[in-house]
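Fold and contact review
The residues making up each chain are set out below.
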Amino acid sequence: MKKIFLTLTAVVIPFLTGTAQIKNPIYKDKKAPIEARIENLISLMTLEEKIMQMNQWTYGKNANPNNIGEIMKAANPEIGSLLYRSTNPEYRNQIQKKAMTETRLGIPIIFGFDAIHGYRTVFPIPLAQACSWNTELVKQSCAITAKESWLSGLDWTFSPMLDVARDARWGRVSEGYGEDTYANSVFAVAAVQGYQGENLADKYTIAACLKHYIGYSLSEGGRDYHYSDISNQTLWETFMPPFEAGIKAGAATVMCGFNDISGIPASANHYTLTEILKRKWGHQGFVISDWGSIRNLVEQSVAKDLKEAATKSVLAGVEMDMVDNAYLDYLPELVKEGKVPMATIDEAVRRIIRVKMKLGLFENPYVDVVPEKKRYLLPEYLKVAEELAAESMVLLKNKKQTLPITDKYKNLAIIGPMVKDSVHIMGFWEGMGRPEDVETIFDGLQKEFKNKATLNYALGCNFEGEDKSGFAEALAAAKKSDAVVVFLGEKRNWSGENGSRSTIALPKIQEELVAELQKAGKPIILMLSSGRPLELIRLNEMADAIVEIWQPGTVAGSSVAGILSGRHNPSGKLSITFPQTTGQIPIYYNMREAARPDLGHYQDIPRDALYWFGHGLSYTTYEYSPIKLSKTKIQKGEKIIAEVEVTNAGSRDGKETVQWFVKDPFATISRPMKELKYFEKKEIKSGEKVVYRFEIDPMRDLSYLDSVGVRHLEAGDFYVIVNNQKIKFELVD
Ligand code: NOJ
């Protein structure tokens, strides 16, 4: 079967007789109901044609225009999907034309790619996006990604990633929305709406893919691809809700994870893939395996060979095989042997065709071809990128208002390996982002501080290694300046896929550079670019101010410079906790209470995290009024309104996110210390007050899921928590 994949062999040729043979089939009638069209098409398909639909192929990374001939020859037009790594819409249209006109049934191919935080315009990494708490900007960034992607020949992105992540050693924390289940759920909806728009059949929209279903972030010890031991309680309470929210928002597809979930790998898990995703939640689209995850069932020792792996995956509910060729090679014989029912194949194809129909591919199989100048990096895209990057940056520390850099600093030392970088600053999964598109921090600072401050640049050191030869120059720059801004951070592949690290501290050389710079006796402003929380226990002591800028993407320069100058007032709050040290992991804000809460903490470090989830300072100050509740006792069917008035008591306008937590102090199944239930970000002008409201719906906000996914609402006392205030109310039967 392998050969049919690469060349048009005897198996396929007899079918390539054009679609004219089948007169006016219903599936081609765009006015007919979708389900009738799908059934009609399935009734006309051969087993081989069906199996071809269940495969995704890729042709490598070479998008050199001279190779198009080769690509065209190699691309079998009967394939269900292509992982499309070219930016050229014309190649896509040519390949699609073969599918539409040179195959018997003319079924369009769906073209997919990893546009994770942007396509050519690179937005900040998702972990950072979540720190903005600005769902509208996240949605806009996804809509821009969809448009740039569609105009480059894509119908589908493998995003958003909804793996609630609590172990920062796992490099893929960068790709999701942090440690909180509710936050992941809300951003899941924003991303799906952004990518898919109002109607998937519209131009410029692409199908979303929720991944990695499910529990992948719990890979033991943060080692990527490793075993994950997940209780059903944790599965339901922590990992399921974001996926359910994404499905309810209409996500067209889902990708299963690489991980082994307590002995039944995600790619062979009938319970999660079929019983929950399809039967309980009613997902109508399809599931794609992750790259090689069907084959991995052999390594994970649940299948003796690839044939058995294919059997397990398809029966569990994985409809499309990403580049493994397991389905292509083994499904024909498995069906003939009666090991895989024809009904399973039909159901898989039904789901794949349904997504293609919803995308409008049967009617509009081609994308528009417009010049690159009109396709990428448009000024309005860069504006959203700058806003999102600036709003995602978190002011962690600001001793005696070291920041912003006003005219009190005439000479600034600008030091560190991140200053002139244009590669690592984009983060992992940079899509089709190019270093030459990136406005570096150096460029941004030069623009921002032109005629305002003199910049004294020195590299200081590289990202890693032991070379201290640049220290002297850096110290000299620090000595002749009024403040020292040090840009440290991680290389792009230190996080992302296969980016596990045993320590989340920066390499020693970077910490040593800061220690050296302290000798100048000037204020030290630390700007950190990373794809994960960092171990800052030592650096924190050395710095007067710290900003986590994450990996901000294409518009790094202006967003970072704007934060430093105060043109952007920081409004980011952490979507993930920064521990004191790596050994404190796992540590997250909504842990469950210990049996002896005051005991058992590590003896050698402070008991708290260094910076908890939700932490983030501003250049202005906000004052919260006491929380007001509309009632203090409610019945289960009633709602209660909590309100807080926030005053901007400082001299700068700002945006403040109010996070509403609930605590259930006593329940049949123990509850976390507190749980985020709602958040809202609003602009508050200097001197003004704004009221924030949270309408508490008991069934939604006070209940919990048990280990089989059943929701329980128990009467008793509850607390609403906002910004260190806590107020009690009672729920009665
Ligand atoms: C493997 C990654 O785990 C997944 O997130 C990605 O979408 C696929 N490769 C395709 O590139």
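The rules behind the values
Residues numbered from 1 in each chain as written. Predicted model: local features only at pLDDT ≥ 70, side-chain atom pairs only at ≥ 80, totals over all residues. Heavy atoms only, no water. Near = heavy atom within 4 Å. Polar contact = N/O pair within 3.5 Å; in protein donor to acceptor, adjacent residues only side chain to side chain. Areas by Shrake-Rupley, 256 points an atom, 1.4 Å probe, with all protein chains shown as cover. Helix = DSSP H or I, 4+ residues; strand = E, 2+ residues; numbered from the N terminus. Buried < 20%, exposed > 50% of the residue type's maximum accessible area, 1.4 Å probe, protein only. Pairing = 2+ DSSP bridges. Right-handed = clockwise from strand over helix to strand, strands pointing away. Phe/Tyr/Trp six-rings, centres within 6.5 Å; stacked < 30°, edge-to-face > 60°. Lys NZ or Arg CZ within 6 Å of the ring centre and 35° of its normal. Expected span 1.5 Å × (residues − 1). Axes fitted to C-alpha atoms, helices over the stretch in contact; angles between N-to-C directions. Parallel < 35°, antiparallel > 145°, perpendicular 65-115°, else oblique. Left-handed = near helix turned anticlockwise from the far one by under 90°. Contact = heavy atoms within 4.5 Å. Nonpolar A, V, L, I, M, F, W, Y, C, P; charged D, E, K, R; others polar. Domains from an automatic or database assignment. Buried area = accessible area lost by both parts, 1.4 Å probe. pLDDT = per-residue confidence, 0-100. Core = buried A, V, L, I, M, F, W, Y, C linked by side-chain atoms within 4.5 Å.

Close to the ligand lie D114, F158, R172, K211, H212, M255, F258, D290, W291, M322, W429 and E497, which account for all nearby residues. Between D114 and the ligand, the recorded distance is 2.4 Å, taken from a side-chain N or O atom to an oxygen atom. Interatomic distance of 2.5 Å between a side-chain N/O atom of D290 and an oxygen atom of the ligand. With the chains in place, 95% of the 300 Å² that the ligand exposes on its own is no longer accessible.

Backbone torsion omega between K211 and H212 reads -5°, so that peptide bond is classified as cis. Along the chain, L403 connects to P404 via a cis peptide bond; the corresponding omega equals 5°. With respect to the helices and strands, P404 occurs in the loop between β11 (394-398) and β12 (411-415). At L377, a residue that is not glycine, the phi angle is positive and equals roughly 55°.

It is worth spelling out the pairing of strand β5 (residues 209-213) at this point. The side chains of a regular strand alternate, first on one face of the sheet and then on the other. Within β5, 5 of the 5 residues are buried, leaving the element largely enclosed by the surrounding structure. Relative to strand β6 (residues 253-256), β5 is paired through 3 bridges, and the arrangement is parallel. Counted as the bridge partner of C209 is T253 from β6. This β-α-β element, β5 to helix α9 (residues 232-248) to β6, shows right-handed connectivity.

Here the focus is the packing of aromatic side chains. Scanning the model with the defined rule gives 27 aromatic pairs in all. Measuring from centroid to centroid gives 5.3 Å for Y84 and F111, while their planes differ by 90°, and the two rings are edge-to-face. Of the two residues, Y84 is situated in the loop between β2 (81-83) and α5 (89-101) and F111 in strand β3 (residues 110-113); the sequence distance between them amounts to 27 residues. Accessibility classification places Y84 together with F111 in one group, the buried group. A centroid spacing of 5.0 Å and a plane angle of 75° characterise the contact between W156 and F158, whose relative ring orientation is edge-to-face. F158 matches W156 in its accessibility class, with the two residues each being buried. Aromatic ring contacts, followed pair by pair, group W133, Y177, Y182, F187, Y589, F613, F661 and F679 into a single cluster. For K147, the ring lying beneath its charged end belongs to Y204, and the centroid distance is 4.4 Å. The aromatic ring of Y588 is capped on one face by R166, whose charged end is 4.1 Å from the ring centroid.

As a further point, take helix α16 (residues 379-392). Between its first and last C-alpha, α16 extends 20 Å over 14 residues, near the 20 Å set by a 1.5 Å rise per residue. Among the residues of α16, those classed as buried are Y381, V384, A385, E386, L388, A389, A390, E391 and S392.

At a closest axis distance of 7 Å, the pairing of helix α17 (residues 441-448) and helix α21 (residues 556-565) adopts a crossing angle of 50°. Classed by the angle they form, the pair α17 and α21 counts as oblique. Between α17 and α21 lies a crossing of right-handed hand. Note on element contacts: α21 touches α17 through G557, S558, V560, A561, G562, L564 and S565, opposite I441, G444, L445, K447 and E448. Of the residues that constitute the contact of α17 with α21, the class distribution is 5 nonpolar, 5 polar and 2 charged.

When the domains of the protein are assigned, the result is domain 1 (1-43 + 72-111 + 357-377), domain 2 (378-584) and domain 3 (622-732). Roughly 570 Å² of surface becomes buried between domain 1 and domain 2 when both sides are summed, with 63% attributable to carbon and sulfur atoms. Here domain 1 and domain 2 share 1 residue pair in polar contact (both at pLDDT 80 or more) between them. Partitioned by chemical class, the residues of the side of domain 1 that touches domain 2 number 2 nonpolar, 2 polar and 4 charged.

Per-residue pLDDT for the protein averages 95, and the proportion of residues at 70 or more is 95%. Contacts of residues 1-20 to residues separated by more than four positions or lying in other chains number 46 contacts, the stretch itself having pLDDT below 50.

Take the sheet that holds strand β15 (residues 524-529) next. Read from one edge of the open sheet, 6 strands run β11-β16-β15-β14-β12-β13, paired in mixed fashion. What marks the edges here is a single partner per strand, and that holds for β11 and β13 (454-458). The sheet shows a mean angle of 20° between the axes of neighbouring strands, direction not considered. Sheet topology places β12 next to β13; 5 bridges connect them, and they run parallel. Looking at β13, one finds that N411 is bridged to T454.

As a further point, take the pairing of strand β20 (residues 640-648). Across 3 bridges, the pairing between strand β17 (residues 622-624) and β20 is antiparallel. When the bridges of β20 are listed, E623 appears paired with T647. Direction of pairing for β20 relative to strand β23 (residues 689-696): antiparallel, over a ladder of 8 bridges. In the sheet register, V646 faces β23, and the bridge partner there is V690.

Soluble globular proteins: nonpolar side chains tend toward being buried together. Judged by nonpolar contacts, the single largest core of 127 residues is most densely connected at M54, W156, Y213, W281 and L331. With 8 residues, helix α8 (residues 181-196) is the largest single contributor of residues to this core. For L331, the contacting residues outside a window of four places in its chain are I51, M54, V314, A326, V340 and I345. Formed by 45 residues, the second largest nonpolar core is a distinct cluster that contains V173, A520, I546 and W550.

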